[in-house]
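The residues making up each chain are set out below.
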Amino acid sequence: MELRFEPERYGLAPEASMLTEAVRQRFFKTKAGRSYRILFLIVDVEVRVLRVRGPGQELMQLEELG
């Protein structure tokens, strides 16, 4: 399912505990099988992608989300 359809169905990211906003995450795989994580916010009717995190990357720090 695409992110633009029902983005609220995706769970909160661990980084959400650092913010007052509900940062959500969606996982996806490339054709090569690598897993990635999209971090995003829902603002009114808009989905705002904050970052795409690759395999092995640590959780984002507060400074990166600002």
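Scroll up for the structure.
Residues numbered from 1 in each chain as written. Predicted model: local features only at pLDDT ≥ 70, side-chain atom pairs only at ≥ 80, totals over all residues. Heavy atoms only, no water.

## Comments concerning the side chain of Arg 53
Note the cut-off: Where helices and strands are cited, they refer to DSSP runs of H or I of at least four residues and of E of at least two residues respectively, numbered from the N terminus. Here a polar contact is recorded for every N or O atom pair within 3.5 Å, except that within protein the pair must consist of a potential hydrogen donor and a potential acceptor, and residues adjacent in sequence are included only if both atoms are side-chain atoms.
Tracing the chain through its elements places Arg 53 in strand β3 (residues 46-53). Within the structure, the side chain of Arg 53 is placed 2.7 Å from the backbone oxygen of Glu 58, a separation counted as a polar contact.

## Considerations on the pairing of β3
This is how it is decided: Only when DSSP finds a minimum of two bridges between them are two strands counted as paired.
When strand β2 (residues 35-43) meets β3, the two strands line up antiparallel, connected through seven bridges. The residue of β3 that forms the bridge with Leu 41 is Arg 48. Counted along the chain from β2 to the antiparallel partner β3, the turn is two residues long, and its residue Asp 44 has a positive phi close to 55°.

## Quick word on the pattern of salt bridges
So the rule is basically this: In the sections that follow, a salt bridge refers to a side-chain nitrogen of Lys or Arg positioned within 4 Å of a carboxyl oxygen of Asp or Glu. Buried means the residue's accessible area, taken with a 1.4 Å probe over protein chains only, is under 20% of the maximum for its type, while exposed means over 50%, and partly exposed covers the values in between.
Under the definition given, this model contains two salt bridges. Between Glu 15 and Arg 37 there is a salt bridge, and its shortest N-O distance comes to 2.7 Å. Of the two residues, Glu 15 is situated in the segment before β1 (24-29) and Arg 37 in strand β2; the sequence distance between them amounts to 22 residues. An identical accessibility class is assigned to Glu 15 and Arg 37; each is buried. Here Arg 48 makes a salt bridge to Glu 46, at a shortest N to O gap of 2.4 Å. Here Glu 46 falls in the partly exposed class, since its relative accessible area comes to 38%.

## Some remarks on the nonpolar core
Worth spelling out the cut-off: Nine residue types can take part in a nonpolar core, namely buried Ala, Val, Leu, Ile, Met, Phe, Trp, Tyr and Cys, and a core is a set of them joined through side-chain atoms within 4.5 Å. Only heavy atoms matter for contacts: two residues are in contact if any of them lie within 4.5 Å across the pair.
In this structure, Ala 13, Ala 16, Val 23, Leu 39, Leu 41 and Met 60 together form the largest nonpolar core, which totals six residues. Leave out the neighbours within four places in its chain, and Val 23 touches Leu 12, Ala 13, Ala 16, Leu 39, Phe 40, Leu 41 and Leu 50.

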